[in-house]
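A structural walkthrough
Each chain, written out:
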Amino acid sequence: MLGSKAKYMTSNRFAIRTEKKMRIVCIGGGPAGLYFGLLMKKENPAHHVTVIERNKPYDTFGWGVVFSDATMENMRAWDSETAQEIESAFNHWDDIEVLIKGKRMRTTGHGFVGIGRKKLLNILQARCEALGVELVFNREVDSDLEFPDADLIIASDGINSKIRNRYQEAFKPDLVVRPNRFIWLGTNKRYDAFTFDFRRTEHGWFQAHIYKFDEDTSTFIIETTEDIFQAHGLDKADETRSIAFCEELFSEVLDGANLMSNARHLRGSAWLNFNRLICGKWSHFNGQSHVVLMGDAAHTAHFAIGSGTKLALEDAIELTQQFRKLGATPDKIPDILAAYEEVRAVDVARIQNAARNAMEWFEVVGSRYADTLEPEQFMYSLLTRSQRISHENLRVRDKVWLEGYERWFAARSGINVDPDGPPVPPMFTPYRVRGLTLQNRIVMSPMAMYSANDGLPNDFHLVHFGSRALGGAGLLFSEMTCVSPDARITPGCLGLWNDEQAAAWKRIVDFVHTTTSAKFGLQLGHAGRKGSTRVAWEGIDQPLEAGNWPLISASALPYMANSQVPHAMTRADVERVKADFVAATKRGIEVGFDIIELHCAHGYLLSCFLSPLTNRRTDEYGGSHENNARYPLEVFRAIRDVWPQEKPMSVRLSCHDWTEGGNTPADAAIYAKMFKEAGADLVDCSSGQVSKEEKPVYGRLFQTPFSDQLRNEVGIATVAVGAISEADHANSIIAAGRADLCALARPHLADTAWTLHEAAKIGVKSIAWPKQYLSGKAQYETNLARAAAGPQPS
Ligand SMILES: Cc1cc2nc3c(=O)[nH]c(=O)nc-3n(C[C@H](O)[C@H](O)[C@H](O)COP(=O)(O)OP(=O)(O)OC[C@H]3O[C@@H](n4cnc5c(N)ncnc54)[C@H](O)[C@@H]3O)c2cc1C
Ligand SMILES: Cc1cc2nc3c(=O)[nH]c(=O)nc-3n(C[C@H](O)[C@H](O)[C@H](O)COP(=O)(O)O)c2cc1C
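Summarised in this report is the structure supplied together with it.

Criteria and cut-off values
Residues numbered from 1 in each chain as written. Chains lettered and ligands numbered in written order. Predicted model: local features only at pLDDT ≥ 70, side-chain atom pairs only at ≥ 80, totals over all residues. Heavy atoms only, no water. Salt bridge = Lys/Arg side-chain N within 4 Å of Asp/Glu carboxyl O. Helix = DSSP H or I, 4+ residues; strand = E, 2+ residues; numbered from the N terminus. Buried < 20%, exposed > 50% of the residue type's maximum accessible area, 1.4 Å probe, protein only. Core = buried A, V, L, I, M, F, W, Y, C linked by side-chain atoms within 4.5 Å. Contact = heavy atoms within 4.5 Å. Near = heavy atom within 4 Å. Polar contact = N/O pair within 3.5 Å; in protein donor to acceptor, adjacent residues only side chain to side chain. Nonpolar A, V, L, I, M, F, W, Y, C, P; charged D, E, K, R; others polar. Pairing = 2+ DSSP bridges. Right-handed = clockwise from strand over helix to strand, strands pointing away.

1. Digging into the pattern of salt bridges
Under the criterion given, the structure shown has 53 salt bridges. Of the charged contacts, one joins E634 and K578 as a salt bridge, the two residues approaching to 3.5 Å between their closest N and O atoms. One end of the pair, E634, is in helix α19 (residues 625–642); the other, K578, is in helix α17 (residues 571–591), and 56 residues separate them in sequence. Comparing E634 with K578 shows no difference in burial state: the two are buried. A network of salt bridges, in which partner residues are shared, links D95, E97, R104, R106 and D192.

Given below as structure tokens:
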């Protein structure tokens, strides 16, 4: 409740400067401005702090906001009075409920707190007053220059910040209008869980995000895509009609309750687009005062992870902290603002990343998941949408639910599930494709070892593959195995163009088949313009010093400035290379490989046909998706024709060229569909290495979104690869249906028995170790259990 000292000013005249240490003006009385104001006043009552807000004290938009426990802890440390007030007004709930396709599913342990936005602002306003912050309402600020005597101006004026817009050059805002439409409503029905309701109309899917925030009100946000929004004529609907539409659509979950709007401040449609904002710089000197952005004026995070208010409050805390650390006097302000921006930019980027994943999930949910995934898996995908909550996080939150899901997943994978036994985690479920059954979902990704002579496998390869097969992976892939001597990347690459090589391969594949239950895949490829180079440790991609062989590619474009220039493939080359692939396939059948993967990625020959960066052909093999894919598909079909029907085939694609003008995941989806129609069973979703100009964005599971997109949009099974390094990653990916298999490369170089070790680490004992190694299994598991139990008394 706001006390009597609140000033209701309509005048533009600003109060005369009084005795102070610093003069601080916060433009905008949202969570950021109010909280910073009160913290600074609390730090030093001599500061003169003013918060100016265009609205009346109770006149705010929005319904409830949600917080996490971590934010509350932070607030408690900085101002226990507000924290206590907020906590006593909190509505706490643990459960998430999902409604889709007639199913209602619930999980617990998710720990949210919700508070009405009005209530939160009133608590902050009252505390500001108690500390002596000057609150000015009903005043629209047009410019920061209205406060010439301010040392510091906080632009806490929200997403449409006038102050930020005045100094676009300095702040470099990058504002992206996201495609979905949403309307932020409320209802008097109280929900005892954070509820997600998905409803299909004749035009597509709508979703509601619903959470209670006080004794009798819940937030009710409804979202859909632009085309569905328009198909229903909502672009022409006024607020009353929009509400009526939503009430009817969500009548089951509303159960007779009405929806309410409080967006009177909005002009035009009550349906909004989320604006994603990142600023290149957060502070600026306007010639008289330092101006700094805070909260939504500086950055936004989508409501899908509900962190906008948290970020605003944490900005306020960090800036106060920097004043405390470096000294709260005007001369220190430039250093303080720089430090504030440096610290906050990292945290904000982390949250924005998670928010982006979650937001994108909701943007594609209708076209990608809602129709294709079964409700149980759909719910798992929803819960892990930000990729910050993993399989093991879910176990901590709700073990019973997760184990139920693991059993559901295992049963779908063909396991005879024992309802009382320990469930089998998703990565350890079998996978069947055509006549091939893999005992688990872990794949050793293809890795060139550059250790052959004349393409001939030797004892290094026997030990290399043999030890990984003993190490528990369900499927091993050969390195890119070349179909002719001139198809090699380096003189050290393996081949399968003669009988001697086939015999040497057979020795290795037979060892794997007779000694382990791993299956063995052959990755077949042709280096194209990236051939005739040195082995990796002597200069990756560098041309040989001597003994170079001529190169071919889709077009006569070198990979690097100092690379050999390939010649554009002629009709004769096209036929010869296709015949080489077929001959290698026939040898692969004799060797006994279980699956073939056609290497169409990483800038090698077939990849160069697929990418517009490397394919400039004007004949039937270039110029459109259809033409670019023509040759890779011809090769694929020629292999498929001779490769036994009961054996599967995979295609490795670079799903993103990471280069302007190159392929993106949308292009990869087009190619994946073509390969699917040609008989491909799996797409192995890699990226990059097509252009030296590439700017990949690396990170944990960085290529998994490509696999997710292809699997769920195209409807083809996929292999996820790239920075997957723990069982928890693999379980999360497989369980959510982001891929069917997980391939790991570098982790298998570091640990030949990666799969066995990861099983032990997550407490799965049922995975068979080679019988010769059984005594090692027991000791390994015991040691892990001891380490987990912590130091024991001696
Ligand atoms: C649908 C939706 C749901 C959301 N849900 C959540 C959630 O669950 N949890 C969460 O943490 N966040 C949520 N948010 C985000 C949250 O509302 C904001 O991130 C948060 O309010 C940012 O605080 P702020 O102080 O920076 O800006 P704001 O809250 O926008 O405050 C800015 C203030 O400045 C005032 N102002 C603007 N211009 C002027 C001017 N020229 N002169 C005077 N005053 C001015 C405005 O009136 C406003 O009061 C949600 C947002 C949306 C759109
Ligand atoms: C030493 C090494 C050699 C590789 N050789 C190949 C290869 O022959 N064929 C291929 O498709 N990918 C190859 N790759 C890429 C990997 O298969 C994998 O996609 C990539 O390393 C990302 O997985 P990771 O993060 O688990 O290492 C190689 C990677 C490494 C580290």
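2. Details of the nonpolar core
If you look at the biggest cluster of nonpolar residues, it comprises 204 residues, and the most contacted ones within it are Y35, F36, F67, F198, L319, F378 and L653. Considering every element that reaches this core, the biggest residue donor is helix α11 (residues 333–370), with 16 residues. Setting aside anything within four residues of it in sequence, one finds F36 in contact with I24, C26, L152, I154, M294, A316, L319, T320 and F323.

3. Considerations on the site of ligand 2
Taken together, 17 residues surround ligand 2, and among them S445, P446, A448, A723 and R746 come closest. S445 has a polar side-chain atom sitting 2.7 Å from an oxygen atom of ligand 2. One of the backbone N or O atoms of A723 is found 2.8 Å from an oxygen atom in ligand 2. Of the residues that constitute the shell around ligand 2, the class distribution is nine nonpolar, five polar and three charged.

4. A word on the pairing of strand β3 (residues 48–52)
Where burial is concerned, most of β3 is hidden: five out of the five residues are buried. Here β3 shows a buried face lined by H48, T50 and I52 and a second buried face lined by V49 and V51. The pairing of strand β2 (residues 23–27) with β3 spans five bridges and is parallel. What sits directly across from I24, in β3, is V49. Handedness of the crossover joining β2 and β3 through helix α1 (residues 31–43): right-handed. In this structure, β3 lies alongside strand β9 (residues 134–137), joined through three bridges in parallel fashion. Considered in β9, the bridge of T50 is made with E134.

5. Topic: unusual backbone geometry
With phi around 45 degrees, K172 is a residue other than glycine that occupies positive phi space. With respect to the element layout, K172 can be found in the loop between α6 (168–171) and β11 (173–187). One non-glycine residue, H602, lies in the positive phi region at around 65 degrees. Along the polypeptide, H602 turns up in the loop between β27 (595–600) and α18 (605–610).

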